[in-house]
Amino acid sequence: MTIILFLVDTSASMCQKALVNGVQKSYLDIAKEAVETFLNIRQRCQDCLCDRYMLLTFEDPPNNVKAGWKENHATFMRELRNLQSNGLTPMGKALKNALDLLNLNRVQSGIDTYGQGRCPYYLEPSIIVVLTDGGKYAFRNGVQQEIILPLNAQTPGTKLTKEPFRWDQRLFSLVLRMPGNRVDERLQGKAPHDESMIEKMCEVTGGRSYKIKSDYVLNESLESLVQQIRPGVMIHFDQVIAQNGVRAIDIQPTKRMIYVPKQNPSQKTFPVGYWPIPEAYWPNPTLTSLPPRDAHPRINVIWPSCDEPQMLRNFPIDRYEVETCPLTAHIISKKETNKIWPLLIATEVQVQGEMPFGYLKASSTHTHLVHLYVMPYNYQMLVPLINDLVHKFNFNPPTEWVCKFTSYVKTIPQYYCPFLRRALATTLNVPHQLIQYILPESLDSFLSPSVANYLKHMKNTAKQDQEHLCLRVLNHLKEPKQPFRQIGTVTINASVQRKRDTVSHPMLKDTFTKMHMETANYDNFSIMIPSTVRTATISNCRDPYEITRGELLDGLARMRHCFFRLSTGNITLFTKDSGHCLPISNMGNYQAYLKNKPTSLRQLEPTNICQHLFGNPYKKNKSIVMVDEADLNDVGSLKSVPTVRHHGGSQRKTDEKNTASRMKGQKRKAGPIHKDYVFKRLVPTNRFSTGDVKSELIATDCVFIKTSTE
């Protein structure tokens, strides 16, 4: 799991504007967009499923944690959009709070293995990305020119490491230096290193800073930053030690990363290795406390090179790729793929008889790579013994071999015994009885009881502190957010020269002489600056006494608009104001608006149903029968009802049978008129003659039925 922590500067200086693609944006808005762009670029990588994102600000704990260990991605995005710039710039304190949040989880999991060596494969890679404007580091007590991390001993495990960071934690910074005018972005090129103090802090942890001058440089920096997210640990190559009278090469000490590979790219957990990097001291039962160690192990390189030892095929060896540096470039230039450069752990007090634990070797397949091989401590003595055990004695060693192996165990730190026991059992299939005889479990108790109890108590305390911190963060996020009101104060000092005292014209001096005499001086007098950002209020435009004095003219205009210009629809001035005063989280909630919307009336006559999208779209469905006047329950009654002839006179008696067959089995809905009601129309009898033909109209009971025509 790769942890990516964003530390966003929320000081007041982040309100300054910059011109980005022709649009004026504040530095805080640019930082928010940069975080979202980073997430989009990271989604293209294969390892993005193992990432965990955190969001922190420059506020005091627990308000600084916007998204920590328990918050999901939705909370991360919501808190990112709601960030506001209303504080100071305590850079050192903010970095210390971010590192403490990461280190609490490390202590309770025991990933650092204090006093038992350092396992490169047992890591928790963390990337801290700081987005700031590079201004002065303002505190409550003043302004500082340097980044000072408060090294308090309240966090568990602080006394066991000299630095506040660990060897798999790196710091990167995006320092915004974007101007307010238009610049040619393409001419900027790649982002250079920033000259502020945060650059030194990034170099100490193994990261770097980016000086952002335009939007194009910002995108290029984010692409470069995503490419540098690879699992690994930092190693400090201290110096080159010459032996056998050979002059050592002149290479400056450097910190480089060794990359921990994965056996399967889709695997979420890192593969388990076999051998640790030794400590700078030898722990023994006489020590009452463990000395603090460096965050990055210091390693010395032995010069000149020597032949590679002949190892068994199944013997476990941990191999890591080394980041490019002057030391690796010199090894590659030798073009000696069969030669190795042994490695020693650097100690504060040089110990006689220090043995190597690994070596550097140029890759035989890639001409530009150098690998670091980690092996058992004093492997030069162990390799011949293992070869004799397998090939010569066939896992049945004599007493002489056992004595040599026992003397070898005395020359290595005792925390290597569990690793060596596991390697012999899993890879070489050495019998269990032989392993228990040459490497008894009594060798594992190499720490004093006081140190073991301290480490156990440290884990329990860290677990409780982390649970308490996560609970405080969760309760803080559930609290309703207060409206943001920027309030500032200005302190007047009498000793400071004001603009009225800088008048140089003699006529102006004579004019304001009397005024100067009447002006009184107030030492250390604070003036409150009102906020220019007004909170969104919804006024009902009905009671003028509810309107403040500053909004009186605006309120009268609204009341006049509501009184004289009454809207014919449902949208009024009040509903318009209420729609523009919604919170950001509710602006896109369109489903709630649809639920409150009144349901529309059904159509009087349903429209024709389109059966398909091909052919004549105006073709009617023959199976639909429309009846207007009455409900007919009996299909047989249709035979006694006279039908209405069409203009063409082409209606046949078979239409009645077709209509009856279509109506059969269909239950009609009850209409507004009772089904037993009979329509009657009384017509007076009129006798008239047309030649010899006489006609008579009488009163009849009529029922009209509409049939579908083709």
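These figures come from a predicted structure and were not determined experimentally. (Residues numbered from 1 in each chain as written. Predicted model: local features only at pLDDT ≥ 70, side-chain atom pairs only at ≥ 80, totals over all residues. Heavy atoms only, no water.)

(A) Main features of helix α11 (residues 449-478). With 30 residues, α11 ought to run about 44 Å at 1.5 Å a step, and its terminal C-alpha atoms sit 44 Å apart, in line with that. Within the span of α11, buried status applies to V451, L455, M458, A462, Q466, L469, C470, V473, H476 and L477. Contacts from the buried residues of α11 go to β5 (65-67), α2 (73-81) and α3 (91-109). (Helix = DSSP H or I, 4+ residues; strand = E, 2+ residues; numbered from the N terminus. Expected span 1.5 Å × (residues − 1). Buried < 20%, exposed > 50% of the residue type's maximum accessible area, 1.4 Å probe, protein only. Contact = heavy atoms within 4.5 Å.)

(B) Molecular detail of the sheet that holds strand β10 (residues 209-212). Ordered by their spatial adjacency, six strands build an open sheet running β5-β4-β1-β6-β9-β10, and the pairing between neighbours is mixed. Edge positions in the sheet fall to β5 and β10, since each has one partner strand and no second. For this sheet the average axis-to-axis angle between neighbouring strands, irrespective of direction, equals 20°. Judged from the six bridges that link them, strand β1 (residues 2-8) and strand β6 (residues 126-132) form a sheet pairing that is parallel. By the bridge assignment, I4 is partnered in β6 with I127. Seen against the sheet, helix α1 (residues 27-42) touches β1, β4 (51-56), β6 and β9 (169-176) and runs at an angle of roughly 170° to β1. (Pairing = 2+ DSSP bridges. Axes fitted to C-alpha atoms, helices over the stretch in contact; angles between N-to-C directions.)

(C) A look at the nonpolar core. Among the nonpolar cores identified, the biggest contains 100 residues, and L327, F357, L360, L372, F405 and L424 are the most heavily contacted of them. Per-element accounting of this core gives the leading share, nine residues, to α3. Within the second largest apolar cluster, 38 residues are counted, among which are F38, L39, F172 and A191. (Core = buried A, V, L, I, M, F, W, Y, C linked by side-chain atoms within 4.5 Å.)

(D) Just the packing of aromatic side chains, in detail. Counted by the stated rule, this structure contains 14 aromatic pairs. When the centroid spacing of 5.0 Å and the interplanar angle of 20° are considered together, the rings of Y359 and Y373 count as stacked. With Y359 in strand β17 (residues 358-362) and Y373 in strand β18 (residues 370-374), this residue pair connects regions lying 14 residues apart in the sequence. Look at Y359 and you get buried, because its relative accessible area is 1%. For Y373, a relative accessible area of 13% corresponds to the buried category. Taken together, W282, Y377, Y415, Y416 and F446 form an aromatic cluster joined through their ring pairs. Positioned over the ring face of Y210 is R208, at 3.9 Å from the centre of the ring. (Phe/Tyr/Trp six-rings, centres within 6.5 Å; stacked < 30°, edge-to-face > 60°. Lys NZ or Arg CZ within 6 Å of the ring centre and 35° of its normal.)

(E) Here's a closer look at unusual backbone geometry. The omega torsion across P61 and P62 is -5°, close enough to zero to call that bond cis. Among the secondary structure elements, P62 is positioned in the loop between β4 and β5. Here the amide bond leading from W303 into P304 is cis, since omega sits at 10°, within 30 degrees of zero. Residue position: P304 is located in the loop between β13 (298-303) and β14 (306-307). The phi torsion at K335 lies on the positive side, around 55°, for a residue other than glycine. Summarising the element assignment, K335 is placed in the loop between α6 (326-334) and β16 (339-345).

(F) A look at the side chain of Q169. Note that Q169 resides in strand β9. The class for Q169 is buried, based on a relative accessible area of 1%. Polar contacts involving the side chain of Q169 include one to the side chain of N103, which spans 3.0 Å. The residues touching Q169, leaving out its near neighbours within four places in the chain, are L99, L102, N103, R106, S126 and T205. (Polar contact = N/O pair within 3.5 Å; in protein donor to acceptor, adjacent residues only side chain to side chain.)

(G) Geometry of the side chain of N105. Along the chain, the position of N105 falls in helix α3. Once you skip the residues sitting within four places of it in the chain, N105 turns out to touch W69, E124 and Q466.

(H) Region of interest: the confidence of the model for the protein chain. Model confidence for the protein chain is summarised by a mean pLDDT of 76, while 69% of its residues fall at 70 or above. A low-confidence stretch, residues 686-710 (pLDDT under 50), is modelled with 34 contacts involving residues beyond four sequence positions or located in other chains. (pLDDT = per-residue confidence, 0-100.)

(I) Spotlight on the packing of α1 against helix α5 (residues 215-227). Close contact between α1 and α5 brings their axes to 10 Å; oriented N to C, the two are set at 45°. When the axes of α1 and α5 are compared, the pair comes out oblique. Our pair here, α1 against α5, has a crossing hand that is right-handed. Judged by residue contacts, I30, A34, T37, F38, I41 and R42 of α1 engage L218, N219, L222, E223, L225 and V226 from α5. Taken together, the residues of the contact of α1 with α5 break down into eight nonpolar, two polar and two charged. (Parallel < 35°, antiparallel > 145°, perpendicular 65-115°, else oblique. Left-handed = near helix turned anticlockwise from the far one by under 90°. Nonpolar A, V, L, I, M, F, W, Y, C, P; charged D, E, K, R; others polar.)

(J) Local environment of the environment of P276. Among the structural elements, P276 can be located in the loop between β12 (254-259) and β13. Residue class for P276 comes out buried when judged on its relative accessible area of 0%. Non-local contacts of P276, meaning those with residues more than four positions away in its chain, are made with G117, R118, C119, V374, Y416 and F419.

(K) Representation of the pattern of salt bridges. According to the stated counting rule, one finds 21 salt bridges in the structure shown. As a salt-bridge pair, R42 and D51 come within 2.6 Å of each other at their nearest N and O atoms. Note that R293 and E279 form a salt bridge whose closest N and O atoms lie 2.5 Å from each other. Residue R293 is located in the loop between β12 and β13, and its partner E279 is located in the loop between β12 and β13; the two are separated by 14 residues in the primary sequence. Each of the two residues, R293 as well as E279, counts as buried. (Salt bridge = Lys/Arg side-chain N within 4 Å of Asp/Glu carboxyl O.)

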